[in-house]
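# Observations on the three-dimensional arrangement
Spelled out, the chains give:
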Amino acid sequence: MNGALLLGAALLLAACVRLPTPGQPITYHVLTDPGPVPASPAAHPSTLLVREMEAPALYQVTNPVFSRSAGTRAYYQYARFSEPPAKRLTWLIRQRLEAARVFRTVAPLGGSVRGDYQLNTRLIDFYHDAANVPGEALVLLEAELVRRSDARLIERRIFVARAPLDQADAQGATDALGRAANTAIDELTLWLARLMANESR
Amino acid sequence: MESEARYVWVGAAILALVLILAGGVYWLSGAAERLPTKRYVVYFQNQSLEGLQIGSPVRMQGIRVGRVEDYTILTDRPRTVRVVLEIDRRAPVLQGIQAEISRNLLTGLAAIDLTNPADGKAPLTDAPAGEIGPVIAEGEADLSRMAALVEDLGRTGYESLARLNRLLSDDNQKAFAATLRNLQTLSGTLEASIPELNATLVAARGAAEQVRASGAAFDTAVRDGGRRLGRVAEQAEQTLSEADQTLRDTRAALARLEQELTGVSTSLRLSAELASQEVEATGLALRQASEALQAAGRGFAEPLRLLHGPQREELGPGEVRP
């Protein structure tokens, strides 16, 4: 009798607890470089230091971000980037600038390399605008070029790039974000080439 | 007989369960913790009250001495929240006491920490007109202090390196190079004087020869005097040779000094440049780590969400909840 009472009480208590259900598998996406770019005919004989890209707290995690209405942001729950977007974009910028040979040398800031110029970048927005289906990817980057010898700001510019989604899901969003990011980086490379041509005069 | 005994046991068990239930309700209502208390008011303006709620603990030196009784977001004073605290009368609330918000990193739940001034003052008893209790001043949160400290540290390091850079600026380097040029000119002048000294030596040597010739003429009469004059001439020649050698050594030493100073200047400038880069990169990493830590802390503020996963409304386009 007592055993039955205890068993009943235990069963009643167990009903209060809800075990978590197994979640949808998480998919990791990689932002990739689209491939080789035409090299500049004459590299500027100087060294560029690329500082790690700054990013707001929203983009310091690996979840891709989407927005269903203006002024709101939310994370995809079952998708991740392989690393935080700002860190990956810094690496992509360095790769692209090295391939484009705008400067003789491109190195990360803090890498024990003495530099003539410094590129500072900030990630302002990096999300899937899902107000319409399938929506589009939006990337906003701010960049500034600084001459280190006299600590002078040469120019600052904001790059905006958009890319339509092929499908309205995380895979489509990350693909489109990658395309938009590479478009912004291409524009940044051309901008730097123009600035360095002016510096050579 | 046997069935009666069972009824007694069942009755006793039900009675015990009822007593435990009543005790639990009494405990959960917090009535057991009720002690003679006094009300105080805090106006928070600078600190975030995220995670603070009615019933949140109020602590003094880590000991719970009260709870948050009520709060009001003021409409007539921007960004100000009036929080009413209920504090154990036995807790020493002194004049100059400050209230700070502390937050549990994992749960995100906030509490209020009260800190009395180090130089113990009189108890805080007077309530301003229109207030339900004495007003406790708002303090500064540890996290804000730490962020300010890190920012100060970065700024100070950056300024020091900037000063070092200014010390090794192009203007200073030019001045330094000009000094070295002056030293070089000085050594050149000394070197230019060497022919004159040599000419003097030659003249002295000629004079000695003449004296020696004269000495030959008076060989016998002044033999001793001639010998002495010859020795004087030899000594003069030796002294001038030594002076010539000294000037050559001086010039070589100056050349070495110029070379070494140029090397030291280049090395210092390079070190300052690399240290400046390290400080800048470290500062950025610290700032981003601090922001990421705060974001992670906010994520832990809702443990139920961590256990049960996202709600259906939180899913992204194309995502489905199993």
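Since we're looking at a predicted model, the values are computed, not measured.

The subject of this paragraph is the overall build of chain A. Tallying secondary structure elements over chain A gives three helices and nine strands in all. Across chain A, helices and strands are ordered from the amino to the carboxyl terminus as α-β-β-β-β-β-α-β-β-β-β-α. The buried share of chain A, reckoned over its 201 residues, is 43%. The long-range share in chain A, meaning contacts at least 24 apart out of those at least 6 apart in sequence, stands at 70%. For chain A, the computed accessible surface area is about 10000 Å², with 57% contributed by carbon and sulfur atoms.

This paragraph deals with helix H2 (residues 85-100) of chain A. Residues and elements named next belong to chain A. Taking 1.5 Å per residue as the helical rise, H2 with its 16 residues ought to reach 22 Å, and the 22 Å between its terminal C-alpha atoms agrees with that figure. Among all positions in H2, only Pro85, Ala86, Arg88, Leu89, Thr90, Leu92, Ile93, Arg96, Leu97 and Ala100 are buried. Looking at the packing, one finds that the buried side of H2 touches strand S2 (44-50), strand S5 (79-81), strand S6 (103-108), strand S7 (117-129) and helix H3 (170-200). Following H2 by one or two positions, arginine 101 has its phi on the positive side, about 50°.

We now examine the side chain of serine 56 of chain B. Residue and element names in this part refer to chain B. Residue placement: serine 56 occurs in the loop between strand S1 (37-44) and strand S2 (57-60). Among the polar contacts made by the side chain of serine 56, one reaches the main-chain carbonyl oxygen of glutamine 53 at a distance of 2.8 Å. Aside from chain neighbours lying at most four places away, what touches serine 56 is Gly51, Gly66, Arg67, Val68 and Ala110.

The interface is formed by 34 residues belonging to chain A together with 28 residues belonging to chain B. Summing the contributions of chain A and of chain B, the shared interface buries around 2600 Å²; its carbon and sulfur component is 49%. When residues of chain A are sorted by the area they lose upon contact with chain B, Gln60, Tyr78 and Arg114 of chain A head the list and together hold 22% of the total. Here chain A is connected to chain B by zero salt bridges. Along the contact surface separating chain A from chain B lie three residue pairs in polar contact (both at pLDDT 80 or more). Grouping the amino acids of the side of chain A that touches chain B by side-chain chemistry returns 16 nonpolar, 10 polar and eight charged.

Residues and elements named next belong to chain B. As defined by bridge partners, S1 adjoins strand S4 (residues 81-88) across eight bridges and the pair is classed as antiparallel. Bridge pairing in S4 links arginine 39 to glutamate 86. Relative to strand S7 (residues 135-138), S1 runs parallel, the two being bridged by two bridges. Bridging from a neighbouring strand, valine 42 pairs with isoleucine 136 of S7.

Further remarks concern the sheet that holds S7 of chain B. All names here are of chain B. Ordered in space as S1-S4-S3-S2-S6-S5-S7, the seven strands form a closed barrel in which the pairing is mixed. Here the average twist between neighbouring strands, direction ignored, is 35°. Note that S2 and strand S3 (residues 63-73) share four bridges and pair antiparallel. The residue of S3 that forms the bridge with proline 57 is arginine 67.

Turning next to the packing of aromatic side chains. Overall, the coordinates contain four aromatic pairs over all chains when judged by the stated rule. Ring geometry for phenylalanine 81 of chain A versus phenylalanine 126 of chain A: centroids 5.9 Å apart, planes at 55°, classification tilted. Residue phenylalanine 81 of chain A is located in strand S5, and its partner phenylalanine 126 of chain A is located in strand S7; the two are separated by 45 residues in the primary sequence. As far as the burial class goes, phenylalanine 81 of chain A and phenylalanine 126 of chain A line up, both buried. Their ring planes at 55° and their centres at 6.2 Å tell us that phenylalanine 103 of chain A and tyrosine 117 of chain A sit as a pair that is tilted. Remark: tyrosine 117 of chain A occurs in strand S7 and phenylalanine 103 of chain A occurs in strand S6; sequence separation between them is 14 residues. Exposure remark for phenylalanine 103 of chain A: the relative accessible area of 2% places this residue in the buried category. Among the residues examined, tyrosine 117 of chain A registers a relative accessible area of 7% and is labelled buried. In this structure, arginine 77 of chain B packs its charged tip against the face of tyrosine 43 of chain B, placed 4.6 Å from the ring centre.

Residue and element names in this part refer to chain A. All told, the structure shown has 19 salt bridges over all chains when counted by the stated rule. In this structure, the salt-bridge partner of glutamate 136 is arginine 162, at a minimum N-O distance of 2.9 Å. Note that glutamate 136 is positioned in strand S8 (residues 136-147) and arginine 162 in strand S9 (residues 152-164), a separation of 26 residues in sequence. Counted as one network, the salt bridges with shared partners bring together Arg51, Glu54, Arg122, Glu142, Glu144 and Arg156.

Thresholds, definitions, all that
Residues numbered from 1 in each chain as written. Chains lettered and ligands numbered in written order. Predicted model: local features only at pLDDT ≥ 70, side-chain atom pairs only at ≥ 80, totals over all residues. Heavy atoms only, no water. Helix = DSSP H or I, 4+ residues; strand = E, 2+ residues; numbered from the N terminus. Buried < 20%, exposed > 50% of the residue type's maximum accessible area, 1.4 Å probe, protein only. Contact = heavy atoms within 4.5 Å. Areas by Shrake-Rupley, 256 points an atom, 1.4 Å probe, with all protein chains shown as cover. Expected span 1.5 Å × (residues − 1). Polar contact = N/O pair within 3.5 Å; in protein donor to acceptor, adjacent residues only side chain to side chain. Buried area = accessible area lost by both parts, 1.4 Å probe. Salt bridge = Lys/Arg side-chain N within 4 Å of Asp/Glu carboxyl O. Nonpolar A, V, L, I, M, F, W, Y, C, P; charged D, E, K, R; others polar. Pairing = 2+ DSSP bridges. Axes fitted to C-alpha atoms, helices over the stretch in contact; angles between N-to-C directions. Phe/Tyr/Trp six-rings, centres within 6.5 Å; stacked < 30°, edge-to-face > 60°. Lys NZ or Arg CZ within 6 Å of the ring centre and 35° of its normal.

As far as function goes, none of this settles anything; it's purely spatial.
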